[in-house]
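# Inside the fold
Chain by chain, the residues:
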2 protein chains.
Amino acid sequence: MIRHTALFKWTDEATSEQKQKIAAELSALPAIVPSVRSLLLGHDAGLATGNFDFAVTVDFDDEAGFFAYRDDPAHREIITRDILPITAQRVAVQFKF
Amino acid sequence: MIRHTALFKWTDEATSEQKQKIAAELSALPAIVPSVRSLLLGHDAGLATGNFDFAVTVDFDDEAGFFAYRDDPAHREIITRDILPITAQRVAVQFKF
């Protein structure tokens, strides 16, 4: 299987409403993108200094499943409309397990 | 529950042996740290440009479980002896789910 992990640092100007909207929209993707086996996400819990602000972890059966998620139109719309405008930094890793 | 996600970018000088040793050592932690409910890790699969090199995701029942993992002596030894010397960048998020 493939686990996709993406961590985001938001801009200082990002509002709580914008952050909550992104979490809600991404949480709806498993019902839209059939290749998603499991999706967990959340805002940083404040347990460590220097952390990023938000994380998304998504599991797929295989690489094709990840690419289907990456390229899904509903997902791309969330990225373009809501995520990119408030993203200061993003780091990601996909790994097999 | 709490999911800990940590993504690493290794130094250019890091060897394959060093990277493999870290993966093997961290994979042994669930047998050492009782608060770990699930640990998945892996080297970046090369599916996207600009990614970091390595990811660790660990699930706990609660914040106390995360702190027990963070502070476990066996874990600290791996961090100090093997991870820090080859870490160029590290980003992390802990989130509730």
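In case you missed it, the structure is sitting above this.
All of the points below concern the structure found in this document. What you see is a predicted model; the values in this text were computed from it and never measured.

Take the overall build of chain A next. When helices and strands are counted, chain A shows 3 helices and 4 strands. Along the chain direction, N to C, the helices and strands of chain A fall in the order β-α-β-β-α-α-β. By the compact-globule yardstick of 13 Å for 97 residues, chain A fits well, its C-alpha radius of gyration being 13 Å. Taking the principal axes of its C-alpha atoms as reference, chain A extends roughly 35 × 25 × 20 Å. Intrachain contacts of chain A at a sequence separation of at least 6 include 73% that bridge at least 24 residues.

Time to look at the interface of chain B and chain A. Listed as interface residues are 25 residues of chain B and, on the opposing side, 25 residues of chain A. Put simply, the parts of the chain that give the side of chain B that touches chain A at least two residues each are β1 (2-10), β2 (38-43), β3 (54-60), α2 (63-71) and β4 (87-96) of chain B. Tallying contributions element by element places β4(B) first for the side of chain B that touches chain A, with 6 residues. Split by residue class, the side of chain B that touches chain A holds 15 nonpolar, 6 polar and 4 charged.

On to the nonpolar core. The biggest cluster of nonpolar side chains holds 47 residues, and the ones touching the most others in it are Leu7(A), Ala55(A), Leu7(B) and Ala55(B). The residues touching Ala55(B), leaving out its near neighbours within four places in the chain, are Thr5(A), Val93(A), Phe95(A), Leu7(B), Leu41(B) and Gly42(B).

Here the focus is the relation of the copies chain B and chain A. Between the two copies, chain B and chain A, the superposition gives an RMSD of 0.0 Å; the rotation angle is 180° and the shift along the axis is 0.0 Å. Those values place the two copies in the arrangement expected of a two-fold rotation axis. Of the residues that chain B buries at the interface, 100% are likewise interface residues in chain A, meaning the two copies contact each other through the same surface.

Turning to the sheet that holds strand β3 (residues 54-60) of chain A, a few remarks are in order. All names here are of chain A. Across the sheet, 4 strands lie side by side as β2-β3-β1-β4; this open sheet has antiparallel pairing. The outermost strands of the open sheet, each flanked by one partner alone, are β2 (38-43) and β4 (87-96). This sheet shows a mean twist of 10° between the axes of neighbouring strands, independent of strand direction. Bridging between strand β1 (residues 2-10) and β4 involves 9 bridges; their strand directions are antiparallel. Paired with Lys 9 across the bridge in β4 is Gln 89.

All names here are of chain B. Taken in spatial order, the 4 strands of this open sheet run β2-β3-β1-β4, and their pairing is antiparallel. Every interior strand has two partners, whereas the edge strands, β2 and β4, have only one. Recorded for the sheet is a direction-independent mean angle of 10° between the axes of neighbouring strands. Pairing of β1 with β3, which is carried by 7 bridges, proceeds in the antiparallel orientation. Its bridge partner lying in β3, His 4 is registered against Val 58. In this fold helix α1 (residues 16-27) packs onto β1, β2 and β3, with an angle of close to 170° to the strand it touches most, β2.

What counts and what doesn't
Residues numbered from 1 in each chain as written. Chains lettered and ligands numbered in written order. Predicted model: local features only at pLDDT ≥ 70, side-chain atom pairs only at ≥ 80, totals over all residues. Helix = DSSP H or I, 4+ residues; strand = E, 2+ residues; numbered from the N terminus. Rg over C-alpha atoms; globule rule 2.2 N^0.38 Å. Contact = placed C-beta atoms within 7 Å. Nonpolar A, V, L, I, M, F, W, Y, C, P; charged D, E, K, R; others polar. Core = buried A, V, L, I, M, F, W, Y, C linked by C-beta atoms within 7 Å. Buried ≥ 20, exposed ≤ 12 C-beta atoms within 10 Å, placed from the backbone. Least-squares fit on C-alpha atoms with pLDDT ≥ 70 in both. Pairing = 2+ DSSP bridges. Axes fitted to C-alpha atoms, helices over the stretch in contact; angles between N-to-C directions.

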